[in-house]
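The lines below spell out each chain.
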Amino acid sequence: MGEQKAVRDRPWSSTAPAGEFRTYISTEESLMEFTVRAVVLGALFGLLFGAVSVYVGLRAGLTVSASIPIAVLSISILRAFGRATILENNIVQTTGSAGESLAAGVMFTLPALIFLGFGSEFTFWRIFPLALLGGWLGVLFMIPLRRQLIVKEHGNLSFPEGTACADVLVAGERGGSFAGRVFWGLGLGGVYTFLMNTVQAWTGQPEARPGWFPGASFRATITSEYLGVGYIIGPKVAGILFAGGVISWLLVMPAIQFFGQLAGNTPIYPSTIPIPQMTPDDMWRQYIRPMAAGAVAAAGLITLIRTMPTIISALRAGLKDVRAEGGGTTSNAASRIERDMPMSWVVAGSAVIIILLFLLLTVAPVKGANTAWYQNLLAGILVVIFGFLFVTVASRISGLLGNSSNPVSGMSIGTLMATCAIFLLAGWTAPSYGVLALTIGGSVCIAAAIAGATSQDLKTGYLVGATPVRQQWGLLVGVTVSTFAIGITLGLMNKGLEKYIPTEIPINLQALPTGVKVEKDTFEHLGKNYVLINALGSSQVPDGEYLYDPSSKRIELQWAQGIGSDKAPAPQARLMATVINGILSQRLPWRLVLMGVALVIAVEILGIRSLAFAVGSYLFLGTTAAMFAGGLVRVLVEATTKKKDESEASPGALYSSGLIAAGGVFGLLGIVINLLQDAEISNHVPHWVTAVLRLPWRADLFAFGPEMMGRLATSNLFGLIMFVALAASLFYFARKKLD
């Protein structure tokens, strides 16, 4: 054992050239690895970070890597229960980080079910199987690619997040301590979020709508998670995101208001409200969203086209490796660090996924979206074909550029366009085929997102000397467990943030306008029965779901679900719905879409990568402004320290990870409290729960901030002061060296 320890004490580098590289733990060493405590702790982290990633992603439109924070926390927690091996800590981060990548794939696509007019079907049992099958597919297809992309390409493909995570694990093994910085961010960010969101001690979105600039809205959504995300992605990306928001909210919208005065009281499609009567939020919903959807679609396709050489080379290499596996020329050698799951399991698993997807679509279809058995079988086959294509692409790009540069949205758009084009040629244009296309695109998107993160985890394992087959089992466990958290979180957010808005629109149920359909014949709300109506692409009724009263023969309420609201805009999912509906119905506000495409082309000509700009043009200005503030803090930190804060394991990045986790955890806590205050909660839970918890809770049980703080609770200036104080804490901890 003394000789083995001496080997590990010799200089080791994660970036050593292929000829000189050695794993940190040698092949001959046998350490504890796939232990019960490692798997359980990893599963718990998967639940936590899966939920947090969904919450932050639906609000901010992007996620950040969870591998480093999980590795850091694992080192600290397992040390408290007796010294853990580096391979155990690696299993914890491998299992736990699956939640973050799975969340990205799910939230980018599956909420589109709401926007396609099947909001009442957006339930846990609809989300869970699709997320699970897509996640399993991503893990399985990475098995034959591991040896080609990670082992043989060592030195050519850097896998930056995976390499950084290996460095953190080795530093922790040698006595480094990083966890305190994450816990500080979690603690201070949690107190800040709870006081702002739940206690309502200050406003969460300071805003000004100056009379001298009609149509403009200056705002910032001052959450801890946006500040943390902005710091981690850096000033350049945060600045490009903010620039997109500035163009939309401070240029295009005031221009719409200025020229729209000439329209008088005549609504201009796709809006049903005259422009002089529109608020900035109305203009964002009716005009900016279609324009930004065109921008995001164009930017995603440009990103995809730019990576075509990589796609072709990755496919060639992947197919070559699969043929070698199938021919038996590459055996599962006895060496511990070369042992993968058998290739036969990949083939069998793919067949099982096709069968399960076929059964899901055939036996338990979305209500109102029934499709024939052969169409469901085609969907399963297309998922596997497109899945292998984009898993190969995603893992290769992740190795070259990092997982944050993985164009998952672009690949999903490509899948949806190809699928919808096939359906259009076949004459399959009914709403049910939109759901089928989303099933294919969503599963492929989830698989590609998982593959990008999985390749980083497998790279970490290769560098530290882990056993690949045990990591692959850990990934399957992480995907399975995280799916529960993601499905529950999506349901909580959709229910907890929903509103019923009084809206009176006369309508003839027997002769519905184009783009309007009956979603559900009976829908109960506050003891009254309504007809649930959905509008998508109508020139008479704004997009959304509505409650129609048969007795008054008019729409009385708009059912504004939580996902899609200003607090969870879900930009990528809405884009997916726009692409599907636009191709199949051939009814889009094309002039607005093409304006977004032209804007992206102009940005590309200026030499700026357009995807971040396009996403920024879609998001609320408050979101991008807060992220830009995080980027500015990083500029200040780098300007006042000698070393640039670029590492994912740097003090500022670790503290920011804590801020992000705090925003997600305490944001979800606030949503749960809102649900427990719902007047109808007693109708949805067992009576003993109502009795024990004394439900529903009164609305002011925790929201005592306005009473205590008075006018400060609604003061824009006081809210900004508290946000600056939080930013100052980030500046302090980012400059403070790690122990």
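Reading the values: rules and limits
Residues numbered from 1 in each chain as written. Predicted model: local features only at pLDDT ≥ 70, side-chain atom pairs only at ≥ 80, totals over all residues. Heavy atoms only, no water. Helix = DSSP H or I, 4+ residues; strand = E, 2+ residues; numbered from the N terminus. Buried < 20%, exposed > 50% of the residue type's maximum accessible area, 1.4 Å probe, protein only. Areas by Shrake-Rupley, 256 points an atom, 1.4 Å probe, with all protein chains shown as cover. Lys, Arg positive; Asp, Glu negative; His and termini not counted. Charge placed at Lys NZ, Arg CZ, Asp CG, Glu CD. 1 Å grid on protein atoms, 1.4 Å probe; cavity = no way out; pocket = protein on both sides within 12 Å on 5 of 7 lines; lining within 4 Å. Points joined across faces, edges and corners; volume = space filled by probe spheres on them. Nonpolar A, V, L, I, M, F, W, Y, C, P; charged D, E, K, R; others polar. Pairing = 2+ DSSP bridges. pLDDT = per-residue confidence, 0-100. Contact = heavy atoms within 4.5 Å. Phe/Tyr/Trp six-rings, centres within 6.5 Å; stacked < 30°, edge-to-face > 60°. Lys NZ or Arg CZ within 6 Å of the ring centre and 35° of its normal. Axes fitted to C-alpha atoms, helices over the stretch in contact; angles between N-to-C directions. Polar contact = N/O pair within 3.5 Å; in protein donor to acceptor, adjacent residues only side chain to side chain. Patch = residues over 30% accessible without salt bridge, like charges linked within 9 Å, V, L, I, M, F, W, Y side chains within 5 Å. Salt bridge = Lys/Arg side-chain N within 4 Å of Asp/Glu carboxyl O. Core = buried A, V, L, I, M, F, W, Y, C linked by side-chain atoms within 4.5 Å. Parallel < 35°, antiparallel > 145°, perpendicular 65-115°, else oblique. Left-handed = near helix turned anticlockwise from the far one by under 90°.

**Q** Would you take a moment to explain the overall build of the chain for this structure?
**A** The helix and strand inventory of the chain stands at 24 helices and 7 strands. A buried classification covers 60% of the 739 residues belonging to the chain. For the chain, the computed accessible surface area is about 29300 Å², with 64% contributed by carbon and sulfur atoms. Counting 51 positive and 42 negative side-chain charges, the chain places the averaged centre of each group 4 Å from the other.

**Q** When you look at unusual backbone geometry in this model, what are you seeing that I'm missing?
**A** The residue after leucine 695, namely proline 696, is reached through a cis peptide bond having omega -5°. Structurally, the position occupied by proline 696 is in the loop between helix H22 (687-693) and helix H23 (705-709). Residues other than glycine seldom take positive phi values, yet glutamine 200 does so here, at roughly 60°. Among the secondary structure elements, glutamine 200 is positioned in the loop between helix H8 (179-198) and strand E1 (207-208). In the Ramachandran plot, arginine 694 falls in the positive-phi region, its phi being about 55° despite a non-glycine side chain. Within the secondary structure, arginine 694 is located in the loop between H22 and H23.

**Q** I tried to follow empty space enclosed by the protein on my own but got confused; where do I start?
**A** Sizing a probe to match a water molecule and rolling it over the atoms shows the empty space that remains. Tallied over the entire structure, the rule returns 8 cavities of 30 Å³ or more. Roughly 190 Å³ of volume is contained in the second largest cavity. If you trace the second largest cavity, you find 19 residues lining it, with Arg126, Leu130, Val366, Val435 and Thr439 closest to the centre. Secondary structure elements with two or more residues in the lining of the second largest cavity: helix H6 (124-151), helix H12 (343-363) and helix H15 (431-464). The element best represented in the lining of the second largest cavity is H15, accounting for 5 residues. A per-class count over the lining of the second largest cavity returns 14 nonpolar, 4 polar and 1 charged.

**Q** So what exactly am I meant to see when it comes to the pairing of strand E5 (residues 528-535) here?
**A** For a regular strand, side chains alternate in direction, first toward one face of the sheet and then toward the other. In terms of burial, E5 is largely enclosed, as 6 of its 8 residues are buried. Two elements, strand E4 (residues 516-525) and E5, share 7 bridges in a ladder whose sense is antiparallel. Residue pairing in the sheet places valine 516 in a bridge with alanine 535 of E5. The turn linking E4 back onto E5 is made up of 2 residues, and leucine 526 within it adopts a positive phi angle of 55°. Relative to strand E6 (residues 544-549), E5 runs antiparallel, the two sharing 5 bridges. Bridged to valine 531 within E6 is tyrosine 548.

**Q** What exactly am I supposed to notice about the confidence of the model for the chain here?
**A** Per-chain confidence: the chain averages 84 in pLDDT, with 90% of residues scoring 70 or above. Put simply, helix H1 (residues 2-9) is where the chain has its lowest mean pLDDT, 48, and helix H24 (residues 716-735) is where it has its highest, 95. Scored below 50 in pLDDT, residues 329-333 makes 12 contacts in the model with residues more than four places away or belonging to other chains.

**Q** Sorry, what's going on with the packing of aromatic side chains here?
**A** The description of an aromatic ring pair uses the distance of the two centres, along with the angle that the planes make with each other. With the rule as written, the count across this model stands at 28 aromatic pairs. Both rings, one in phenylalanine 523 and one in tryptophan 559, keep their centres 4.8 Å apart while their planes meet at 45°; by these two values the pair is tilted. One end of the pair, phenylalanine 523, is in strand E4; the other, tryptophan 559, is in strand E7 (residues 554-560), and 36 residues separate them in sequence. Like phenylalanine 523, the residue tryptophan 559 is buried in the burial classification. Each member of the aromatic cluster is reached from another via a ring pair, and the members are Trp373, Tyr374, Phe423, Trp428 and Tyr433. Sitting over the face of the ring of phenylalanine 118, lysine 517 holds its NZ or CZ atom 3.9 Å from the ring centroid. When the ring centre of tyrosine 231 is taken as origin, the NZ or CZ atom of arginine 634, which lies over that ring, is 5.8 Å away.

**Q** Please explain the environment of valine 665 as it appears in this structure.
**A** Here valine 665 lies in helix H21 (residues 651-676). For valine 665 and glycine 622, which are 43 residues apart along the polypeptide, the C-alpha to C-alpha distance reads 21 Å. Setting aside residues no more than four positions away along its own chain, valine 665 makes contact with Leu48 and Val52.

**Q** How do you make sense of the sheet that holds E7 when you look at a structure like this?
**A** Within a sheet, each strand pairs with its neighbour through backbone hydrogen bonds, oriented either parallel or antiparallel. Spatially, E3-E7-E6-E5-E4 is the arrangement adopted by the 5 strands of the open sheet, whose pairing is antiparallel. Both edges of this open sheet fall to strand E3 (499-506) and E4, since each of them pairs with a single strand only. Across this sheet, the average inter-strand angle for adjacent strands is 30°, counted without regard to direction.

**Q** Could you clarify how one ought to interpret the side chain of serine 217 in this entry?
**A** Its location among the elements puts serine 217 in the loop between E1 and strand E2 (218-219). Reaching out from serine 217, the side chain makes a polar contact with the side chain of glutamate 207 at a distance of 2.8 Å. A polar contact is formed between the side chain of serine 217 and the side chain of arginine 219, at a distance of 2.9 Å. Those residues in contact with serine 217 that sit more than four places away from it in its chain are Glu207, Ala208, Arg209, Trp249, Leu250, Pro280 and Leu621.

**Q** I would appreciate a short explanation of a nonpolar patch on the surface in the present structure.
**A** Side chains of Val36, Val40, Leu44, Leu47, Phe484 and Ile488 sit close together on the surface and give an oily, nonpolar patch of about 540 Å² of accessible area. For the nonpolar patch, the secondary structure elements donating two or more residues are helix H2 (36-60) and helix H16 (468-496). It is H2 that provides the largest number of residues to the nonpolar patch, a total of 4 residues. For leucine 47, the location among the structural elements is in helix H2.

**Q** Would you mind showing me how to read the nonpolar core here?
**A** Buried together is how nonpolar side chains tend to be arranged in soluble globular proteins. Core analysis: the biggest nonpolar cluster contains 181 residues, and Leu58, Val106, Leu490 and Met493 have the highest contact counts within it. When residues in this core are grouped by element, the largest group, 18 residues, is from H15. Setting aside anything within four residues of it in sequence, one finds methionine 493 in contact with Val54, Tyr55, Leu58, Gly562, Ala568, Leu668 and Ile671.

**Q** Help me understand the packing of helix H4 (residues 86-109) against H16, please; the structure alone is not making it clear to me.
**A** Each pair of packed helices gets described by two things: the angle between the helix axes and the distance between those axes. In the contact formed by H4 and H16, the axes pass within 7 Å of each other and the chain directions differ by 45°. The angle between H4 and H16 falls in the class oblique. Crossing of H4 against H16: the hand is right-handed. Two secondary-structure elements touch here, H4 through Asn90, Ile91, Thr94, Thr95, Ala98, Gly99, Leu102, Ala103 and Val106 and H16 through Arg470, Gln471, Gly474, Leu475, Val477, Gly478, Val479, Ser482, Thr483, Ile486 and Leu490. Residues belonging to the contact of H4 with H16 are distributed by class as follows: 10 nonpolar, 9 polar and 1 charged.

**Q** What exactly am I supposed to notice about the pairing of E7 here?
**A** Of all 7 residues making up E7, 5 are buried, and the element is well covered by its neighbours. Looking at chain direction, E3 and E7 are connected through 6 bridges and run antiparallel. Note that in E7 the partner of proline 506 across the bridge is arginine 554. For E6 and E7, the ladder comprises 5 bridges, and the chain directions are antiparallel. Each bridged residue has a counterpart across the sheet, and for aspartate 549 the counterpart in E7 is arginine 554. The loop that links E6 with its antiparallel partner E7 comprises 4 residues; one of these, lysine 553, has a positive phi angle of about 55°.

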